[in-house]
Amino acid sequence: MIDFFSGTTASAAEVSQFAALADQWWDSAGDFAPLHKLNPVRLTFIRDHLCARFDRDPHAPDPLAGLSICDIGCGGGLLCEPLTRLGATVTGLDAAERSIEVARLHAAKMGLEIDYRVQLPEDEAAAGRTYDVVLNMEVIEHVTDREAFMAATRALVRDGGIMFGATLNRTMKSLALAKIGAEYVMRWVPRGTHDWRMFVKPSEFSALLRATDFTVREIKGVSYNPLFDDWRITDDIDVNYLIFAEKN
């Protein structure tokens, strides 16, 4: 495995934890089951905002054609694959080598061309690469240095480009539901997946974006509906939330 962890934003403990689960990325009933259920909501949020921003028809066969997207912390490619099917040119970055191996194998099986790299955003930025869209989804709560991480992700977005973020709010409600409930009661994710102290308030995420020359256009909550066993976009940002921001 590549040694990323000295003087970088990546946490060795966090990367090792996800690497250990990498073979389960595409098991919709396994440890990543919550992400599989959450994925349609995330994808719709991304697609609809990009179509509005770039004047596309969201119901066209390939509404994201011509757009370059970089998914930071892509894991096994749960977002990379559907975005590729929507026409985008997608690059997936992850510090866990095994996750990238799984992502490459699954993409090949599906007949999809996706550029997967064992890479950190700061190294990608140092190479001078930029994208129309950068995804920062369920990553920021796992990094060691938020300011450095956001500076690196900013460098990857071209001027006028877009960043999407998703994370967990640091509230008593999220402690009860996303930490204790999800890990110890419902057992949706393995114990220790999240450190509640690392959760990021929307005001904190917004401040980081503004400090790196972004304008936050929208923040929406994502809430679980137990009656229908699904996730929906809502105005409740107390637990999960999504951010749409544009680089100035």
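Residues numbered from 1 in each chain as written. Predicted model: local features only at pLDDT ≥ 70, side-chain atom pairs only at ≥ 80, totals over all residues. Heavy atoms only, no water.

Participant: I'm lost on helix H8 (residues 202-211) in this one. Help?
Facilitator: Note on helix geometry: an α-helix contains 3.6 residues per turn, so any two residues three or four positions apart are oriented the same way. Within the sequence span of H8, burial applies to Pro-202, Phe-205, Ser-206, Leu-208 and Leu-209. Within H8, the buried residues cover an arc of 160° as seen down the axis, which keeps them to one side. Summarising the geometry of H8, the exposed residues directed more than 90 degrees from the buried face are Ser-203, Arg-210 and Ala-211. For H8, the elements touching its buried residues are strand S4 (131-137), helix H6 (146-156), strand S5 (157-168), strand S6 (214-225) and strand S8 (240-247). A positive phi of about 75° marks Asp-213, the residue just after H8. (Buried < 20%, exposed > 50% of the residue type's maximum accessible area, 1.4 Å probe, protein only. Helix = DSSP H or I, 4+ residues; strand = E, 2+ residues; numbered from the N terminus. Arc of directions from axis to C-beta. Contact = heavy atoms within 4.5 Å.)

Participant: Teacher, can you tell me more about empty space enclosed by the protein here?
Facilitator: If a probe as big as a water molecule is rolled over the atoms, it shows which places are left empty. Tallied over the entire structure, the rule returns 1 cavity of 30 Å³ or more. In this model, the largest cavity occupies a volume close to 30 Å³. Every residue along the wall of the largest cavity is listed here: Leu-38, Arg-42, Glu-138, Ala-166, Thr-167, Val-222, Asn-240, Tyr-241 and Leu-242. Secondary-structure elements contributing two or more residues to the lining of the largest cavity are helix H2 (33-53), S5 and S8. The residue makeup of the lining of the largest cavity, split by class, is 5 nonpolar, 2 polar and 2 charged. (1 Å grid on protein atoms, 1.4 Å probe; cavity = no way out; pocket = protein on both sides within 12 Å on 5 of 7 lines; lining within 4 Å. Points joined across faces, edges and corners; volume = space filled by probe spheres on them. Nonpolar A, V, L, I, M, F, W, Y, C, P; charged D, E, K, R; others polar.)

Participant: Would you take a moment to explain the sheet that holds strand S2 (residues 89-94) for this structure?
Facilitator: Hydrogen bonds between backbone groups are what pair the strands of a sheet, and the pairing can be parallel or antiparallel. Within the open sheet, the 8 strands sit side by side as S3-S2-S1-S4-S5-S8-S6-S7. Their pairing is mixed. The sheet terminates laterally at strand S3 (115-118) and strand S7 (230-234), the two strands that pair on one side only. Adjacent strand axes in the sheet meet at a mean angle of 20° when their direction is disregarded. The pairing of S6 with S8 spans 8 bridges and is classified as antiparallel. When the sheet's bridge partners are listed, Ile-219 is paired in S8 with Ile-243. Running at roughly 165° to S3, helix H4 (residues 97-110) makes contact with S2 and S3 of the sheet. (Pairing = 2+ DSSP bridges. Axes fitted to C-alpha atoms, helices over the stretch in contact; angles between N-to-C directions.)

Participant: Explain the state of the cysteines here, please?
Facilitator: What makes a disulfide is a covalent bond joining the sulfur atoms belonging to two cysteines. Counted by the stated rule, this structure contains 0 disulfides. The thiol of Cys-74 is unpaired, and the distance to the nearest cysteine sulfur, on Cys-80, comes to 4.7 Å. Residue Cys-80 is classed as buried on the basis of its relative accessible area of 0%. (Disulfide = S-S within 2.5 Å.)

Participant: How do you make sense of the pattern of salt bridges when you look at a structure like this?
Facilitator: When the charged atoms of two side chains with opposite charge come close together, those side chains can pair. Scanning all chains against the criterion turns up 20 salt bridges. A salt bridge links Glu-204 to Arg-146; its shortest N-O distance comes to 3.6 Å. Here Arg-146 lies in helix H6 and Glu-204 lies in helix H8, a separation of 58 residues in the sequence. Here Glu-204 falls in the partly exposed class, since its relative accessible area comes to 25%. Linking Asp-213 and Arg-154 is a salt bridge whose minimum nitrogen-to-oxygen distance equals 3.7 Å. Taken together, the residues span a long stretch of sequence, with Asp-213 in the loop between H8 and S6 and Arg-154 in helix H6 at a distance of 59 residues. We classify Arg-154 as partly exposed; its relative accessible area is 27%. When salt bridges with common partners are traced through the structure, they connect Asp-115, Arg-117, Glu-124 and Arg-129 into a single cluster. (Salt bridge = Lys/Arg side-chain N within 4 Å of Asp/Glu carboxyl O.)

Participant: Just checking my understanding: could you explain the packing of aromatic side chains for this structure?
Facilitator: Geometrically, a pair of aromatic rings is defined through the distance of the ring centres and the angle of the planes. Per the stated rule, a full pass over the model turns up 5 aromatic pairs. Residues Tyr-224 and Trp-231 carry aromatic rings whose centres are separated by 5.4 Å and whose planes lie at 55° to one another, so their mutual orientation is tilted. Taking the relative accessible area as the measure of exposure, Tyr-224 reaches 27% and is therefore partly exposed. Trp-231 gets classed as buried once you look at its relative accessible area, which sits at 13%. Three or more aromatic residues joined by ring pairs make a cluster, and in this case those are Phe-45, Phe-164 and Phe-244. For the cation-ring pair, Arg-53 lies above Phe-54, with the distance from its terminal atom to the ring centre recorded as 4.8 Å. (Phe/Tyr/Trp six-rings, centres within 6.5 Å; stacked < 30°, edge-to-face > 60°. Lys NZ or Arg CZ within 6 Å of the ring centre and 35° of its normal.)

Participant: Whenever I open this one, the pairing of S6 confuses me. Can you help?
Facilitator: As a general feature of sheets, a regular strand has side chains that alternate between the two faces. As judged from the 5 bridges shared by S6 and S7, these two strands associate in the antiparallel manner. Residue pairing across strands places Tyr-224 opposite Trp-231, the latter belonging to S7. Where S6 folds back on S7, the antiparallel hairpin that results is connected by 4 residues, among which Asp-229 adopts a positive phi of roughly 55°.

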